[in-house]
Amino acid sequence: MNWFGLVGLTVTAVGWTCLALRVGGFVHLFRAGPAELPGSRRGQPWRRTAAMLHEFLAHRRLSRKPLVAVAHWLTMMSFLVLVATLAQATGQLFNPRFELPWLGHWLIYNWLTELLAWAGLGGIVVLVAVRLWAGRARLGPASRFFGSHQWRARYVEATILAVVILVLWLRGIESVLAGPAGWARFATTAWIGRLYPPDLSDAVLAAWVSTLALAKILVSYAWMVVVSLTPTMGVAWHRFLAFPNLWTGRDPNGRPALGGLEALVVDGRVVDLEDPALDESVLERLGAGWTADLTWRDRLALATCTECGRCQEVCPVWQCVTATLSGPAASDTAVPPATAAVATSAAAPGGPAASDTAAPLATAAPASTTLSPKLLVSALRDHVFGSEPEPSPLVGGDSKWAITPEVLWACTTCGACTAACPVGVEHVDQIIELRRHQVLVAADFPAGLGTTFRNLERRSNPWGMLPRQRLDWAKGLSFEPPVLGQTIESLDQVDYLFWVGCAGAFDERGQTTARALAELLHQSGVSFAVLGEQAACCGDPARRTGNEALFAALASANADYLNQAGAKRIIVTCAHCRNTLANEYSQFGGHYQVIHHTELLADLINQGRLVPRNLGDGIVQVTYQDPCYLARHNRQSAAPRRLLGSIPGLRLTEMAQSGDRTNCCGGGGGRMWWEDSGPRLGQRRFEQAAMTGADMLATACPFCHIMLADAAATAGSDLPVRDLAELVLAAVSPSGQMAEV
Amino acid sequence: MKIIVLVKYVPDIEVGYRFKPDGRLDRSGEGLLNQLDEYPLEAARRLVSQVDAAADSTVTALTVGPDEAEEAIRRALQMGADRGVHICDQAIAGSDALGTSLVLAAAINQLGGADLILCGASSADSATSLIPVQLAARLQIPALTGAASLAVNGAQVTACRLTDNAMIESRTPLPALVSLTDQAEQPTYPSAKAVMLARRKPVEVYDLADLGLAPSSVGCDAARVKVLGVEPAIRRVGGRLVDASSDDAVAALVALLRDNALIPVGGGA
Ligand code: SF4
Ligand code: SF4
């Protein structure tokens, strides 16, 4: 036994032992989490496997940064094959001429190893460069790496860099030892060997091999020990955990967890809050209030997060705060340079100085009160893996990892984070789980929300308007729309139910949209009926703020009523109604075809039943705000564009963030319903729209409409904000003029 | 500490309300817990959460009203009351404030009294604000009315009342009655947990016989205050604006005033 071998085998043993202990620790910790709804995370295994492999091989979710995608793909692939070189190095400690049995002489294996080693070298160099550039200190909070543990990432990168260099270097010397006969195997590394003086003795070369092999082993197992001791090092762990995490995503087809939310579940069972026999212990455990409430999948996802910051950089709340910090010249690409330099390190929300980015930040908004999905995930993760003497609440508690209420309630559930996350972290669901606990158990939430809840409870709409005002919107129509239960008895008599929605019924702008759509349907001969005083809120504001009890009450009553009325095809003008009716009512026995008005109008134009002409008022350029719940949560961004394209003489000028990458107006997630001193998302989005130079800002959701029109008023801008239905109505009218609001 | 909170079930005024021919309110429509009563419930909840949990504090929600009034009790239980007491008797219908306070006093005595009685400053329907003072008089305890906040220290209660130009702080020994306005701490919207647990809390129902009161002492016939008639209030119509930036603003204003006979017509100055 030589010293090299002894040291090498010792670190190998230590490395694998640490890894085994840590894997055991992970399994233990994950299993301690409560169960998920049966089938929800493991059903359809083949589909899941296919989706995971697709993600793995195609790197779909990294496609927004093509250079990083390629570099990461190469680095990732090199890791797979270079594991074999670790075995090779172990053998070389004992015999410098060691070859892996069978594989070692196989030409293809050798070439593949070389190819991947070079590819890995190229890849990791790019990744290091990207991290240095995108994380440069002067970006401050505008950097996606702001608040990430940068030194952890640098350590991982350094390890990979060292390993691939050592692999190539070793092969260079091996090629000399192998003599000319073996050169074919070392097609791309032999030149390294030739850099050594040709008269070097075999003994010297052998010593080089053993030394480099030992170095490779030390570097590799040091990494193994370090990551085993640091379970919160997602930047290292994701290379293992991303696979199970993607496989167990909410959608078996591997799409991001958007659209409808999951029902309220405790211990693998859906909780019926109307059930009088509900166990008291279950009532304590609604939503996520403590680490013990986080399911195994929640925990797995938290451990998988690589702190890459893709979610942070697209979060409208974070963007809005960092843009404000760097002055009004907010660029659409969300990389505004921070101006003044105040060295600070970002803390995870309320947590320890999570960052070793010495980040300059102008008049720093403390990270503990600014929502970043990444920092929220890091805080939860540290909470799960941290050891606290007493369990402490996840939100608002004294723990250094507690999430502050400001952070929790700032989220608009826009889903940008979840759509951007390459490893399948499901932020929106996680945030809703936290909110559910705050509302259903702790009764601790923004005061303004209490009014909304009362309004929904008493008046079945968030505005608190009276049921008898439900049909006020229809005053001034050129015809009387049939009302279910008054003028018609069954929906079988008409093509569609027009679900006017609360905004359509009670908000002035929403009413204008509702009237415009009703006129258009009437003109094109589409028969429809509306609901009368029985109409109630779809429940989205309650569900997105965690009030599952209220949501269930509204949704089940609505679904019963709709089913009884024979509703099959429902038209909506609201992206939130669209999402809730189509994706969430099935949980209450309601299955409908829900059609957003932009889709229907585009079809009617296509069929020639509506013929748009020029718009009056000199409207030439229009920019369009994609509602998050239409474009991202429900992947519908084509119909509105088709519709705009069909109006002669109109040009669509896109904002930088559009389509499924749209930027939130600030009205989702219940944020429409209470005011606080937080960032004004609507204003920022409106500025982005105004910067396109368009003559009009078109929307397709009443919440976007309200938020952006209010922002326009605040900004003193005369850029009109209109719904697409209003645009079409003007375009089909002889004058081309818009109705006054 | 034993706290009794008086709650009332009132018609949903916003939705609309009607009077019967005899001038009494038609209570057949939708109703709810009187909104102002949520403030004493919130105050009670906060008081018992401050007091050492071991010192067995109870909050009892007490109401006098028809069967439907149980809904007000239920809401009170959701908002933190531990127990509900509902005095329900046909004979009580049509009572005036004196009659109602008589029933409440008897009920409170039946319950063995209380250290602190809390109530809203007035009810949304009759809005007389008489019950708190009449009840305190009948129980011979001090009353601090119209309070914006209260605090209990030892055996005393301190209440703060806000008037247009002063803040008045008063203190009195317990037992006492305090009525609260909507300047007090905002009521918390109950959690689903609280709503669910409220269903399991007891509600006791008593009639006049249980309280030892004769039916003739209350109700319509015993009422000494009679409602003579009810007229809907005259609705104000929206004001008119005269654009001051226009040149003929003064003329327009004068014309408006004259046309509405608000200034003498003709030059009689
Ligand atoms: S859903 Fe939107 S607002 Fe909420 S954390 Fe994600 S990106 Fe931010
Ligand atoms: S949650 Fe996803 S997108 Fe956000 S930092 Fe973690 S890995 Fe990146």
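Details of the structure are given in the entry above.
Let us look at the overall build of chain A. Scanning chain A from terminus to terminus reveals 28 helices and twelve strands. Computed over C-alpha atoms, the radius of gyration of chain A comes to 30 Å, within 12% of the 27 Å expected from 2.2 N^0.38 for 741 residues, which places it in the range of a compact globule. Taken along its principal axes, the extent of the C-alpha atoms in chain A is 100 × 60 × 50 Å. When the 741 residues of chain A are sorted by exposure, 60% land in the buried category. Restricting to contacts in chain A with at least 6 residues of sequence separation, those with at least 24 account for 77%. Working note: accessible area of chain A is about 28,600 Å², and carbon and sulfur atoms make up 61% of it. Each charge sign in chain A was given a centre, from 60 positive and 61 negative side chains, and these centres are 7 Å apart.

Turning our attention to the site of ligand 2. Lining the immediate environment of ligand 2, one finds 13 residues, of which A:C305, A:C308, A:G309, A:C311 and A:C421 sit closest. Across the shell around ligand 2, the residue classes break down as seven nonpolar, three polar and three charged.

A few words on the interface of chain B and chain A. Contact with chain B, which involves 17 residues of that partner, is made by 25 residues of chain A. Each partner contributes to the roughly 1,900 Å² buried at the junction of chain B and chain A, and carbon and sulfur atoms together form 46% of this total. Summed over the shared surface of chain B and chain A, the result is six salt bridges. Residue A:R458 pairs with B:E38 through a salt bridge whose shortest N-O separation is 3.7 Å. Run the count over chain B and chain A and you get eleven residue pairs in polar contact (both at pLDDT 80 or more). At four residues, the largest contribution of residues to the side of chain B that touches chain A is made by helix α5 (residues 192-198) of chain B. Counted by class, the side of chain B that touches chain A contains seven nonpolar, three polar and seven charged residues.

Looking now at a negative patch on the surface. All names here are of chain B. Among the surface-exposed residues, E30, D67, E68 and E71 lie close enough to one another that they form a single negatively charged patch. Within the fold, E71 resides in helix α2 (residues 70-78). The exposure class assigned to E71 is partly exposed, which follows from its relative accessible area of 47%.

Attention shifts here to helix α25 (residues 638-645) of chain A. Residue and element names in this part refer to chain A. All of the buried residues along α25 are A639, P640, L643 and L644. Within α25, the buried residues cover an arc of 135° as seen down the axis, which keeps them to one side. Turned more than 90 degrees off the buried face of α25, the exposed positions are A638 and G645. In this structure, the buried residues of α25 make contact with α23 (597-606), β9 (621-624), β10 (651-652) and α28 (724-732).

Time to look at the site of ligand 1. Residues and elements named next belong to chain A. Taken together, 13 residues lie around ligand 1, and C315, C411, C414, G415 and C417 are the ones closest in. Of all elements in the fold, only α12 (316-325) and α15 (416-420) reach the threshold of two or more residues within the shell around ligand 1. Classifying every residue of the shell around ligand 1 by side-chain character gives ten nonpolar, three polar and no charged.

About the cut-offs
Residues numbered from 1 in each chain as written. Chains lettered and ligands numbered in written order. Predicted model: local features only at pLDDT ≥ 70, side-chain atom pairs only at ≥ 80, totals over all residues. Heavy atoms only, no water. Helix = DSSP H or I, 4+ residues; strand = E, 2+ residues; numbered from the N terminus. Rg over C-alpha atoms; globule rule 2.2 N^0.38 Å. Buried < 20%, exposed > 50% of the residue type's maximum accessible area, 1.4 Å probe, protein only. Contact = heavy atoms within 4.5 Å. Areas by Shrake-Rupley, 256 points an atom, 1.4 Å probe, with all protein chains shown as cover. Lys, Arg positive; Asp, Glu negative; His and termini not counted. Charge placed at Lys NZ, Arg CZ, Asp CG, Glu CD. Near = heavy atom within 4 Å. Nonpolar A, V, L, I, M, F, W, Y, C, P; charged D, E, K, R; others polar. Buried area = accessible area lost by both parts, 1.4 Å probe. Salt bridge = Lys/Arg side-chain N within 4 Å of Asp/Glu carboxyl O. Polar contact = N/O pair within 3.5 Å; in protein donor to acceptor, adjacent residues only side chain to side chain. Patch = residues over 30% accessible without salt bridge, like charges linked within 9 Å, V, L, I, M, F, W, Y side chains within 5 Å. Arc of directions from axis to C-beta.

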